[in-house]
Amino acid sequence: KNMISKIIYIAGLQVYKLVLHLVAPFNIKAKQMVDGRREWKTNLAKQLNGRTGFVWFHCASLGEFEQGRPVIEAYKATKPDAKILVTFFSPSGYEIRKNYAGADVVAYLPFDSRRNARLFLDMVQPEKAVFVKYEYWYYFLSGLNQRKVPTYLISAIFRPAQPFFRWYGGFYRKMLTRFTQMYVQNEDSAVLLRSIRADNFEVAGDTRFDRVMQVAQTAKKVDVVEAFANGKPLMVAGSTWPQDETLLLAFIKNYSGDYKFVLVPHEVTPSHIAALERMIAVPYALFSKEDALIADKNVLVIDTIGLLSSAYRYANIAYIGGGFGVGIHNTLEAATYGIPVLWGPNYLKFHEAIGLAQAGGGFPVNDIGALTKVLNQLLNDNALRIHAGEAARCFVQNNGGATDKVLKALLR
């Protein structure tokens with residue numbers, strides 16, 4: 001069974017690479033993944049510049065990087081001479097963070113193979129390796145294990161459907177034994193790991209709680225948002241997708257109260273912004289275009305990236321997008337400011353959203369009727385809104401501390 005699983009794993013990677021190459025001419029993300037790895041050895045050698053002995057952090061994408069970031073920065077603050085390497089699997093992480101000042105080197109992780117793992121580890125010679133949340137690459141983990149490099153998995157979360165917990169999962173379970181220690185987010189994950197007799201783990205929590213608190217303390221002033229609000233209360237809808245925008249704009253069209261609305265779409269391509277403009281039925285402004293009458297508008301569309309977490313600081317209520325698609329974006333980023341947070345129905349894979357709802361600071365909505373009902377309650381009842389916001393703030397603060405637990409292990 002293990003051998004069959006291994007063959008399927010290797011074949012699956014080959015098929016994935018082939019598909020990427022086939023769709024690259026037509027898909028920008030696939031093209032970035034292919035181009036970014038084309039001369040990976042030459043590019044990495046140039047960046048390493050003969051240096052070895054890195055503390056290596058691997059993140060699948062941007063969300064995982066944000067989870068790893070408080071640990072990277074706390075480690076660097078404690079050991080300023082440490083050399084930090086950050087790798088990404090996905091271009092949506094690499095392209096946005098390739099110039100991250102907290103790392104000495106930022107690179108794409110080459111595709112998992114015996115040869116790639118050997119070459120990569122020979123070049124980097126890591127002192128420690130930290131994988132954030134997930135991504136289990138057999139040859140990289142085996143190579144680290146053979147070289148006796150302490151290897152950690154942090155902010156990990158496990159679900160029953162993963163192959164580790166299935167009858168055919170022996171090959172995948174072997175990967176988990178390659179970690180020196182796994183730091184899991186919650187007790188549900190611990191129960192699953194105990195069910196397969198894993199003992200190299202500890203419940204430490206989710207480093208994202210520490211990260212969002214850190215971000216809130218350093219939030220930027222956004223003059224355009226201040227001018228738009230002009231003293232009125234705000235609702236900020238972040239990382240929205242078309243399904244979210246359809247519902248929100250239907251609500252806004254019929255809303256006649258004091259609140260103003262800031263939309264921060266997940267996709268800021270010209271075509272998406274143009275489509276969004278066609279849907280808005282009330283006076284609006286675009287962040288990228290100067291507007292002398294911005295204070296008179298009802299909606300502000302932030303059509304640029306990098307401002308969402310700072311925009312939340314101005315909000316009285318937040319809505320998080322993605323819940324009518326594959327899953328919601330980061331609810332904690334808004335909750336840390338002590339405001340109630342709404343989102344769509346696809347959130348049950350996100351234990352922090354479940355916890356936020358149970359604490360009374362979060363409100364899942366599944367259609368325009370539910371959205372209208374919850375929003376009318378929060379927009380019209382200040383006491384309810386303040387109480388829900390305080391519940392959200394307490395939920396974030398009570399779940400901090402994972403970074404310190406992981407840091408202690410890395411410094412041992």
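Rules behind the numbers
Just so you know, the residues in each chain are numbered from 1, in the order the chain's sequence is written. Totals for whole chains, interfaces and linings use all residues, but because this is a predicted model, local features are given only for residues with pLDDT of at least 70 and pairs of side-chain atoms are given and counted only at 80 or more. Just so you know, side-chain values use all the structure's heavy atoms and leave hydrogens and water out. To get an axis, a line is fitted to the C-alpha atoms, and for a helix only the part in contact is used. The angle between two axes follows their N-to-C directions and goes from 0 to 180 degrees. Secondary structure elements follow DSSP: runs of H or I of four or more residues count as helices, runs of E of two or more count as strands, with numbering from the N terminus. If an angle is under 35 degrees, it is roughly parallel; if it is over 145, roughly antiparallel; if it lies from 65 to 115, roughly perpendicular; otherwise it is oblique. Should the near helix be turned counterclockwise from the far one by less than a right angle, the crossing is left-handed, whereas a clockwise turn marks it as right-handed. Throughout, a residue-residue contact means that at least one pair of heavy atoms, one from each residue, lies within 4.5 Å. Polarity classes work like this: nonpolar for Ala, Val, Leu, Ile, Met, Phe, Trp, Tyr, Cys and Pro, charged for Asp, Glu, Lys and Arg, and polar for all others, with Gly in that last group. As used in this record, nonpolar core signifies buried Ala, Val, Leu, Ile, Met, Phe, Trp, Tyr and Cys residues forming a set joined through side-chain atoms within 4.5 Å. In this scheme, a residue with accessible area under 20% of its type's maximum is buried, one over 50% is exposed, and one in between is partly exposed, where area comes from a 1.4 Å probe on protein chains only. DSSP calls a pair of strands paired once it identifies at least 2 bridges connecting them. With the strands pointing away from the viewer, any crossover whose connection runs clockwise from the first strand over the helix to the second is right-handed.

K.L.:
Could you give me a rundown of the packing of helix 6 (residues 114–124) against helix 7 (residues 138–146), with the residues and numbers involved?
P.N.:
Between helix 6 and helix 7, the shortest axis-to-axis distance is 8 Å and the interhelical angle comes to 45 degrees. With respect to helix 7, the axis of helix 6 lies oblique. In this structure, helix 6 crosses over helix 7, and the sense of that crossing is right-handed. Contact residues: Arg114, Asn116, Ala117, Phe120 and Leu121 in helix 6; Tyr139, Phe140, Gly143 and Leu144 in helix 7. Of the residues assigned to the contact of helix 6 with helix 7, the class counts are six nonpolar, two polar and one charged.

K.L.:
Kindly report on the environment of Lys31, identifying the contributing residues and their values.
P.N.:
Tracing the backbone shows Lys31 in helix 2 (residues 28–38). With 144 residues separating them in the primary sequence, Lys31 and Met175 have C-alpha atoms 29 Å apart.

K.L.:
Please give an account of the nonpolar core that cites residues and values.
P.N.:
Trp56, Phe120, Phe131, Tyr136, Phe158 and Leu193 are the most contacted members of the largest nonpolar core, which has 50 residues in total. For Leu193, the contacting residues outside a window of four places in its chain are Phe158, Phe165, Leu176, Met182, Val184, Ala198 and Phe201.

K.L.:
Quick one: what's the story with the packing of helix 12 (residues 242–253) against helix 13 (residues 270–279), residue by residue and with numbers?
P.N.:
Running from amino to carboxyl end, helix 12 crosses helix 13 at an angle of 20 degrees, the nearest separation of the two axes being 11 Å. Comparing their axes, helix 13 and helix 12 come out roughly parallel. Read as a crossing pair, helix 12 and helix 13 show a hand that is right-handed. The segment helix 12 lies against helix 13, with Pro242, Glu245, Thr246 and Leu249 engaging His272, Leu276 and Met279. Residue composition of the contact of helix 12 with helix 13, by class: four nonpolar, two polar and one charged.

K.L.:
An account of the sheet that holds strand 14 (residues 362–364) is requested, with residue identities and associated values reported.
P.N.:
On the basis of which strands lie adjacent, the open sheet formed by seven strands has the order 10-11-9-8-12-13-14 and parallel pairing. Edge positions in the open sheet fall to strand 10 (284–286) and strand 14, since each of these has one partner strand only. Recorded for the sheet is a direction-independent mean angle of 20 degrees between the axes of neighbouring strands. Two elements, strand 8 (residues 234–240) and strand 9 (residues 260–265), share six bridges in a ladder whose sense is parallel. Pairing of Val236 across the sheet is with Val262, part of strand 9.

K.L.:
Go over the pairing of strand 5 (residues 151–156), please, and point to the residues and values.
P.N.:
A regular strand carries its side chains on alternate faces of the sheet. The element strand 5 is largely enclosed, with a buried count of six among its six residues. For the crossover from strand 4 (residues 128–132) across helix 7 to strand 5, the handedness is right-handed. As defined by bridge partners, strand 5 adjoins strand 6 (residues 181–184) across three bridges and the pair is classed as parallel. Of the residues in strand 6, the one forming a bridge with Tyr152 is Gln181. Assessed by its sense of winding, the connection that carries the chain from strand 5 through helix 8 (residues 170–177) to strand 6 is right-handed.

K.L.:
Account for the environment of Tyr347, naming residues and giving values.
P.N.:
Looking at the element boundaries, Tyr347 is found in the loop between strand 13 (341–343) and helix 16 (351–359). Overall, the relative accessible area of 16% leaves Tyr347 in the buried class. Placed 267 residues apart in sequence, Tyr347 and Pro80 show a C-alpha to C-alpha distance of 39 Å. Setting aside residues up to four positions removed in sequence, Tyr347 forms contacts with Ile328, Ala353, Ile354 and Pro364.

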